[in-house]
Amino acid sequence: MTISHLARANVLALEPYQSARRLGGSGDVWLNANEYPLPPSFKPRYGNLNRYPACQPEQVINGYAAYAGVRPDGVLVCRGADEGIELLIRAFCEPGRDAVLFCPPTYGMYAVSAETFGVARRTVPALPDWQLDLPAIEAQLDGVKLVYVCSPNNPTGNIIQPEELKALLEMTRGRALVVADEAYIEFCPRATLAGWLAHYPHLVILRTLSKAFALAGLRCGFVLAGAEVIQLLLKVIAPYPLSLPVADIAEQALSAEGVALMRERVAQITATRQWLANELQECDAVLEVYPSESNYLLVRFAPGSPAFKSLWDQGIILRNQSKQPGLTDCLRITIGTREECRRVVTALRELPVTATRRQEAL
Ligand SMILES: *Cc1c(COP(=O)(O)O)cnc(C)c1O
């Protein structure tokens, strides 16, 4: 008798999310998880650690509401945007009956969370320009409770055009929730849908402190939505999702000073991204550098390029996206420090010429 035979069948069959930490590697240039390259200097001010924390600490909720320009009763704080993805499934999807829909290539956790709860995954591939295939979405909408749209999209880096999102919101009204994953919105703040929440009660926005706020290790994210959605999510969230040190550092990160520091980081990452994009265009091994509104670049290499493995062996860890639909020979490079990006460029320039084959591919 094994323990495994006691587990749920869908859990046995589940391929867990291939997180950067799980994929491992050993090196000194980590550009595979879209983290900020340097730790911020917050220190927890330990309070009453003998007491359970508030489920939804008021200062954190109010701080995020002020930062995002929404009402506090439309904010939920949780353990990263990943927990937000899951709470929505738990609150809205009946296992074995309902479905979630998303548009690959995109973030991998929508699929993993749905599978974990026995909820069907329906995929509608993005168009060649990575915008939404709205007619195909409409044709697939029966039984769908949640439509996840990632903007800026991970790993392609583009935003979804507002008129497409408006059309999607009209199409889904009264039928399904539209979940806009804005994990990277600080890198293109004008694209946020936060201002639309008052008009669309079925719009939900996911946010995080893991990217522009440089706090991936904190595990703190937010759901923005109408008060009715937030109340439903509060029914399924753990009673004490945030430890006291997490709530304390989140509060500091959302202070006026914390937000100003975040904006400086964004300006500096954006400048480095532009520099890196230009340098990569000049590399023989590179076929295309896609435009990005985020803190990473999606780069297509010559067919069969050894770039990923060669840099991996040198301790420069990038994210291989080749298995995603339409992304053969594509790598995602997180924008690190200028020095880390220089290391990438130098290593790519040193790839053996015979292996780059740019001319043949063109
Ligand atoms: C990083 C990321 C998340 C997860 O964010 P956490 O707050 O760290 O859980 C969610 N969505 C997308 C698109 C991401 O890239």
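Residues numbered from 1 in each chain as written. Predicted model: local features only at pLDDT ≥ 70, side-chain atom pairs only at ≥ 80, totals over all residues. Heavy atoms only, no water.

Engineer: Looking at this structure, how should I read the overall build of the protein?
Structural biologist: Each helix and strand counted, the protein has 13 helices and 13 strands in total. Computed over its C-alpha atoms, the radius of gyration of the protein comes to 21 Å, within 12% of the 21 Å expected for a compact globule of 362 residues. Along the first, second and third principal axes, the C-alpha atoms of the protein reach 60 × 55 × 50 Å. Among the 362 residues that make up the protein, the fraction classed as buried is 52%. Long-range contacts, defined here as pairs at least 24 residues apart, represent 73% of the contacts in the protein between residues at least 6 apart. Put simply, the protein shows about 16,600 Å² of open surface, and 53% of that area lies on carbon and sulfur atoms. Here the protein holds 35 positive side-chain charges and 37 negative ones, and the gap between their average locations is 4 Å. (Helix = DSSP H or I, 4+ residues; strand = E, 2+ residues; numbered from the N terminus. Rg over C-alpha atoms; globule rule 2.2 N^0.38 Å. Buried < 20%, exposed > 50% of the residue type's maximum accessible area, 1.4 Å probe, protein only. Contact = heavy atoms within 4.5 Å. Areas by Shrake-Rupley, 256 points an atom, 1.4 Å probe, with all protein chains shown as cover. Lys, Arg positive; Asp, Glu negative; His and termini not counted. Charge placed at Lys NZ, Arg CZ, Asp CG, Glu CD.)

Engineer: Would you mind showing me how to read helix H7 (residues 162–172) here?
Structural biologist: Given 3.6 residues to a turn, an α-helix orients residues that are three or four positions apart in the same direction. The set of residues buried in H7 consists of Leu165, Leu168, Leu169, Met171 and Thr172. Each buried residue of H7 sits inside an arc of 160 degrees when the element is viewed along its axis, so together they form one side. Taken together, the buried residues of H7 touch helix H6 (134–139), strand S5 (144–150), strand S6 (177–181) and strand S7 (203–208). Looking at the residues trailing H7, positive phi occurs at Gly174, about 75 degrees. (Arc of directions from axis to C-beta.)

Engineer: How should the UniProt feature "domain: Aminotransferase class I/classII large" (unreviewed entry) in the protein be read in this particular structure?
Structural biologist: UniProt feature "domain: Aminotransferase class I/classII large" (unreviewed entry): in the numbering of this structure it lies at residues 46–348. As annotated, residues 46–348 comprises 37% helix and 17% strand, and the C-alpha atoms at either end are separated by 46 Å. (UniProt positions renumbered as here; feature names shortened; annotations may be inferred.)

Engineer: So what exactly am I meant to see when it comes to the side chain of Gln131 here?
Structural biologist: Along the chain, Gln131 falls in the loop between strand S4 (120–123) and H6. A distance of 2.8 Å separates a polar side-chain atom of Gln131 from the backbone nitrogen of Gln161. Apart from the residues within four sequence positions on either side, Gln131 is in contact with Ala126, Asn158, Ile159, Ile160, Gln161 and Glu164. (Polar contact = N/O pair within 3.5 Å; in protein donor to acceptor, adjacent residues only side chain to side chain.)

Engineer: Whenever I open this one, the pairing of strand S8 (residues 221–224) confuses me. Can you help?
Structural biologist: It is a general feature of regular strands that their side chains alternate between the two faces of the sheet. Side-chain alternation along S8 places Gly221 and Val223 on one buried face and Phe222 and Leu224 on a second face that is also buried. The pairing of strand S2 (residues 75–78) with S8 spans four bridges and is classified as antiparallel. Directly across from Leu76, in S8, lies its bridge partner Val223. Judged from the four bridges that link them, S7 and S8 form a sheet pairing that is antiparallel. Paired with Arg207 across the two strands is Phe222, which belongs to S8. (Pairing = 2+ DSSP bridges.)

Engineer: Looking at this model, I keep getting lost on the site of the ligand. Mind explaining?
Structural biologist: For the ligand, the set of nearby residues contains 13 residues, the closest of which are Ala81, Asp181, Tyr184, Thr208 and Lys211. A distance of 2.6 Å is found between an oxygen atom of the ligand and a side-chain nitrogen or oxygen belonging to Tyr184. Taking Arg219, its side chain carries an N or O atom lying 2.7 Å from an oxygen atom of the ligand. Coverage of the ligand by the protein amounts to 94% of the 390 Å² it exposes when considered alone. It is helix H4 (residues 80–92) that contributes the most residues to the shell around the ligand, three residues altogether. (Near = heavy atom within 4 Å.)

Engineer: Explain the packing of H4 against helix H8 (residues 227–236) here, please?
Structural biologist: Axes are the key here: two packed helices are described by the angle between their axes and the distance separating the axes. For the pair H4 and H8, the least separation of the axes is 9 Å and the interaxial angle reads 95 degrees. Comparing their axes, H8 and H4 come out roughly perpendicular. Residue-level contacts link Leu87, Leu88, Arg90, Ala91 and Phe92 of H4 to Val229, Leu232, Leu233 and Val236 of H8. Taken together, the residues of the contact of H4 with H8 sort by class into eight nonpolar, no polar and one charged. (Axes fitted to C-alpha atoms, helices over the stretch in contact; angles between N-to-C directions. Parallel < 35°, antiparallel > 145°, perpendicular 65-115°, else oblique. Nonpolar A, V, L, I, M, F, W, Y, C, P; charged D, E, K, R; others polar.)

Engineer: It is not clear to me how the UniProt feature "modified residue: N6-(pyridoxal phosphate)lysine" (unreviewed entry) in the protein should be interpreted in this structure. Could you clarify?
Structural biologist: Annotation from UniProt places "modified residue: N6-(pyridoxal phosphate)lysine" (unreviewed entry) at Lys211. Looking at the secondary structure, you find Lys211 in the loop between S7 and S8. Of the residues examined, Lys211 reaches a relative accessible area of 15% and is grouped as buried.

Engineer: Help me understand the pattern of salt bridges, please; the structure alone is not making it clear to me.
Structural biologist: When their charged atoms lie close together, side chains carrying opposite charge are able to pair. For the structure on display, the rule yields 16 salt bridges. A salt bridge links Arg71 to Asp73; the shortest N-O distance between them is 2.6 Å. Residue Glu279 is joined to Arg349 by a salt bridge in which the shortest nitrogen-to-oxygen separation is 2.8 Å. Separated by 70 residues along the polypeptide, Glu279 in helix H10 (residues 256–281) and Arg349 in helix H12 (residues 338–349) bring together distant segments of the chain. Given the relative accessible area of 21%, Glu279 is considered partly exposed. (Salt bridge = Lys/Arg side-chain N within 4 Å of Asp/Glu carboxyl O.)

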